[in-house]
Every structure is written in structure tokens, then in C-alpha cells.
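Topology and contacts: notes
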Amino acid sequence: MKTLKNLLTAATLMPLFAACIGSETEQAGFSTVAFTIPYANSTNGMIAFATYGKWHIKQNSGNNWCNIKTMEGAANMIYQIPFTVTSNTTGEARNASFTLQDNANEDIKINFQLYQYATRGDGTLGNADMIKRIEGTDGSLITAGYDDLYRPTSLTIEKNGTMLRNLEISYSDESDSTVTVNSTRIGATAPTKLTSKYDMGYQPIKLTSSTDTVCYREQGYLYGSSSFAFNVEERYKGGEYTVQALKLNSQQSLAPDGKHVSDSLRYMHRYADGTVLIEKLKLTYSSRDNRKQSLDINQLLLGVEECNPYTLISMFKHARNSSVISEAESEKSRLTMKTTANADGSINTLTVTRKPVINDGAEPETVTYTFSY
């Protein structure tokens, strides 16, 4: 991956400053071993350390999934060494144990461990099933495709044969770490090409084109509370935009393997004609884990017409709540989400029902989605 290659060329070696270590005097000892932590769908990482004497590394565990590319070396150097890992499909974080040993003195050594997250860069578990198709009783159809690293490469959302959204996604792993999204949406006059640099989890920083922007915007901690808030925004030429504003309670973790749920969702869609849809929803959750399948099924809460395709495929993973929503309530209506699951915990069916809070005679609206893997 180019991001890593820019950080360290393969097995890069840099002499220590002569003022720190004399070039003619070989000593024993090491610095602390620093390292990166790969995601479950990453394939590489890096360790770095300084050494005074000649050295070698002994691997104590994890040989079947983790390998350091250089296992011995010279004295008086700073080493930055790549290591490779296989995809972590265990559903748990894992570690491999090593010993960095001085060749001349067996008492001089450092034991260290390399880790790999349980989750992929998009927040799903490494053993999450890949959803290929979702069919709704309202005439909706969603299809998705992926590459060998479990990253989304395509997504289409249709309703009664009309294409609402279409994304074609590519990653420039061997050049400049750029993700490119060719986007087509209903109401747009032409397809749009959005690009962004991506991080070690393959997550975009900010997708932009000459006319459109899709981004994660951090609001930070709200004044007078420990609640943390952020937005996911789509903004298009002509003034149309959507915003999801989510608020997390205190003591929840946005770390890669951390779990979090938002206590509320504020959704706004300003259409091209100037009309505005606003939903202000209090959220509660079931015990169902929302990280067991590739797509974020909570994004179907408001139907496919209001489904953000970028958050559906978790291109902005903080918007993926770790649990499946069971109920979302506003002043006007109550939405419920009921699921059935496969043996491995992935979603089999999802039924979303909207009922008015005040009984005005309106019939509940119900859609059932069936998932294929």
C-alpha cells in the first residue's frame, strides 16, 4: 500500500547521529520497539527501533499470520522494517510475540508483540459476512460488490426499477492512496467523479468533485456536557444536501475495536426544489451486533429514498452504530426495527415499521428487507 511505502521504504536503514553513538564503538542495547497496528483487512504494518549492537529477532508465536520482513541486522542503526499479516477473520483482536536479541550479549533483549484489530477499516468485524443483495417489499433493491480486501467497489440502490443511487469505487493502492467514486444519482444532470486520499483503514478524508462534497465533520464535545457529536454531510451543486447529525453519550469509544451507539439522530434533506425534510429521532437499540455484516443496516431506517449510500457502505465508519436500532421516536412518529439473524449473527431479514405517535387514523407503514450474501 502506497501510504505505508511513503512512510518507510522497504527495510529503510538510517545511521544514528555520530554525536550519540561513535561509529567505531559498538555497544549493546536497543530503543523501544514502535509499531503500527493493522486493521483486520490490512495486509501490512511497520516496526521501528534503534540498535547499538548487531541483532536478530526470534518469533515466538503468530507465525501462521504475521511475518517481519527483516529478522537480523547491523549495529548503530535506526531500523524501519515492514511486516505482513493475513486478513483477520477470527472476529477477535490477535497478537504475535517476538524477541529482539543482541547477538553479543544474551541478557540484552526486548520482548514485544505485534497486534491486529478485530475490525476492518470500515468498523465491521473481520469475519463479517458480505451482503450482495437486499430486496425490499416496497420494490426496493440494493446490490453491492467488494474486492479481495473486503472493501466496497460498487453499490446500487433502486426503487421499482428506477435507479436512485449508483457508486463505482476504486482504490489506487500502488500509487497515491486515492479512492475514486464515480457517482450517479436521481435528479443529477450528469455523473460525478469524487476523489479523496484514504487512511490506513481505507477511509476517505473528504470526498470532493468540482461540484459535490461528501464528508465527515466533527463537532466535538458539546458545551456543558460530555456528549460527542459529529455530522456526515452530502452537498451538491444547486443547493441540495443531506446531513446526519449524531450524538454519542460519554464513555463510549470511537477506537477501531471500540463499541458506540448514538443516543439521537438529526437528519435533514434539503431537496433541489427547496423543500426540506427534517427528522429528529431519539434512538434505542437491540442486542443485535451491527458489525456482523458488511453494510450498515441502520441506514435503512428512513427507507431507500433517504439512505445515504456512503454511510450504508461505512465509508465514514463513526456513523455506524455498533448495535442495531430497535426504536427511533420523534414527536410525530415511532419507527421500529425488528430483525431475524443467520446462525453466525449476520442479518437475515429487517422489518421497519413507522407508526404515528398520535392516533390520527393513519395506517402503519411497513417494509421488510431480505438479505443475500
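Residues numbered from 1 in each chain as written. Predicted model: local features only at pLDDT ≥ 70, side-chain atom pairs only at ≥ 80, totals over all residues. Heavy atoms only, no water.

A word on the overall build of the chain. For the chain, the helix and strand inventory stands at 2 helices and 25 strands. Taken over the C-alpha atoms alone, the chain extends approximately 90 × 45 × 45 Å along its principal axes. Evaluated residue by residue, the chain yields a buried proportion of 50% over its 373 residues. When contacts within the chain are restricted to residue pairs at least 6 apart in sequence, those whose partners lie at least 24 apart make up 53%. Summed over all atoms, the accessible surface of the chain reaches about 17,500 Å², with 50% contributed by carbon and sulfur. If you average the places of the 36 positive and of the 39 negative side-chain charges in the chain, the two averages end up 2 Å apart. (Helix = DSSP H or I, 4+ residues; strand = E, 2+ residues; numbered from the N terminus. Buried < 20%, exposed > 50% of the residue type's maximum accessible area, 1.4 Å probe, protein only. Contact = heavy atoms within 4.5 Å. Areas by Shrake-Rupley, 256 points an atom, 1.4 Å probe, with all protein chains shown as cover. Lys, Arg positive; Asp, Glu negative; His and termini not counted. Charge placed at Lys NZ, Arg CZ, Asp CG, Glu CD.)

Of the residues in the chain, 91% reach a pLDDT of 70 or more, and the chain-wide mean stands at 91. Between residues 1–26, whose pLDDT stays under 50, and residues either more than four places distant or in other chains, the model counts 55 contacts. (pLDDT = per-residue confidence, 0-100.)

Over the atoms rolls a probe the size of a water molecule, and its path tells where empty space is left. Evaluation of the coordinates by the stated rule reveals 4 cavities of 30 Å³ or more. Counted as a void, the largest cavity has a volume near 150 Å³. Lining the largest cavity are 15 residues, and of these Q244, L265, N298, Q299 and L301 lie nearest its centre. Counting only elements with at least two residues in the lining of the largest cavity, the list comes to β19 (241–248) and β20 (262–270). When its residues are assigned to classes, the lining of the largest cavity shows 9 nonpolar, 5 polar and 1 charged. (1 Å grid on protein atoms, 1.4 Å probe; cavity = no way out; pocket = protein on both sides within 12 Å on 5 of 7 lines; lining within 4 Å. Points joined across faces, edges and corners; volume = space filled by probe spheres on them. Nonpolar A, V, L, I, M, F, W, Y, C, P; charged D, E, K, R; others polar.)

What follows deals with a nonpolar patch on the surface. A cluster of nonpolar side chains, F35, I37 and Y115, forms an exposed patch at the surface whose accessible area comes to about 220 Å². Its location among the elements puts F35 in strand β2 (residues 34–35). (Patch = residues over 30% accessible without salt bridge, like charges linked within 9 Å, V, L, I, M, F, W, Y side chains within 5 Å. Salt bridge = Lys/Arg side-chain N within 4 Å of Asp/Glu carboxyl O.)

Scanning the entire structure with this criterion turns up 10 aromatic pairs. Aromatic side chains F49 and Y79 sit 5.7 Å apart centroid to centroid with 15° between the ring planes, which places their arrangement in the stacked category. Within this pair, whereas F49 is found in strand β3 (residues 44–51), its partner Y79 is found in strand β7 (residues 77–85), the two being separated by 30 residues in sequence. The exposure class of F49 is buried, given its relative accessible area of 2%. (Phe/Tyr/Trp six-rings, centres within 6.5 Å; stacked < 30°, edge-to-face > 60°.)

Reading across the sheet, the 4 strands line up as β6-β4-β8-β9 and stay open at both edges, with antiparallel pairing between neighbours. Each edge of the open sheet carries a strand with a single partner, namely β6 (72–73) and β9 (109–116). Pairing analysis gives 5 bridges linking strand β4 (residues 55–59) to strand β8 (residues 94–102), with the strands arranged antiparallel. Bridging across to β8, H56 finds its partner in Q101. (Pairing = 2+ DSSP bridges.)

Bringing the state of the cysteines into the picture now. Tallied over the entire structure, the rule returns 0 disulfides. The thiol of C215 is not disulfide-bonded; the next cysteine sulfur, from C307, is found 18 Å away. (Disulfide = S-S within 2.5 Å.)

It is worth spelling out the nonpolar core at this point. As a rule of thumb, soluble globular proteins bury nonpolar side chains together. Core analysis: the biggest nonpolar cluster contains 52 residues, and L300, L301, Y310, Y369 and F371 have the highest contact counts within it. By residue number, the principal contributor to this core is strand β13 (residues 162–171), which donates 4 residues. Grouped together as the second largest cluster of nonpolar side chains are 19 residues, I57, C66, M77 and V85 included. (Core = buried A, V, L, I, M, F, W, Y, C linked by side-chain atoms within 4.5 Å.)

Tracing the backbone through its elements, the reader meets S97 in strand β8. Ignoring any residue separated from it by four or fewer positions in sequence, one finds S97 in contact with K58, Q59, N60, S61, F112 and Q113.

It is worth spelling out unusual backbone geometry at this point. Positive phi outside glycine occurs at N76, with the angle close to 55°. Here S314, not a glycine, exhibits a phi torsion of approximately 60°, which is positive. Within the fold, S314 resides in the loop between α2 (309–312) and β22 (323–329). Residue S314 is classed as buried on the basis of its relative accessible area, which comes to 1%.

What follows deals with the pairing of strand β25 (residues 365–372). Inspection of the sheet shows strand β10 (residues 133–136) paired to β25 by 4 bridges, in the antiparallel sense. From the neighbouring strand, R133 faces β25, where its bridge partner is S372. As paired elements, strand β24 (residues 347–356) and β25 share 6 bridges and run antiparallel to each other. Across the sheet, L350 pairs through a bridge with Y369, a residue of β25.

Attention now moves to the environment of D296. Tracing the chain through its elements places D296 in the loop between β21 (276–289) and α2. Each C-alpha atom of the pair D296 and S314 lies 6.6 Å from the other, and the pair is 18 residues apart in sequence. Once you skip the residues sitting within four places of it in the chain, D296 turns out to touch N290, T311, L312, S314, A319, R320 and N321.

Another aspect to go through is the pattern of salt bridges. This structure, assessed with the given rule, holds 15 salt bridges. Its salt-bridge partner being R217, residue E233 comes within 3.1 Å of it at the nearest N-O pair. Placement of the pair is E233 in strand β18 (residues 228–235) and R217 in strand β17 (residues 213–221), with a sequence separation of 16 residues. For R235, the salt bridge is made with E233, and the minimal N-O distance between the two is 3.2 Å. Relative accessible area serves as the criterion here: at 36%, R235 is assigned to the partly exposed category.

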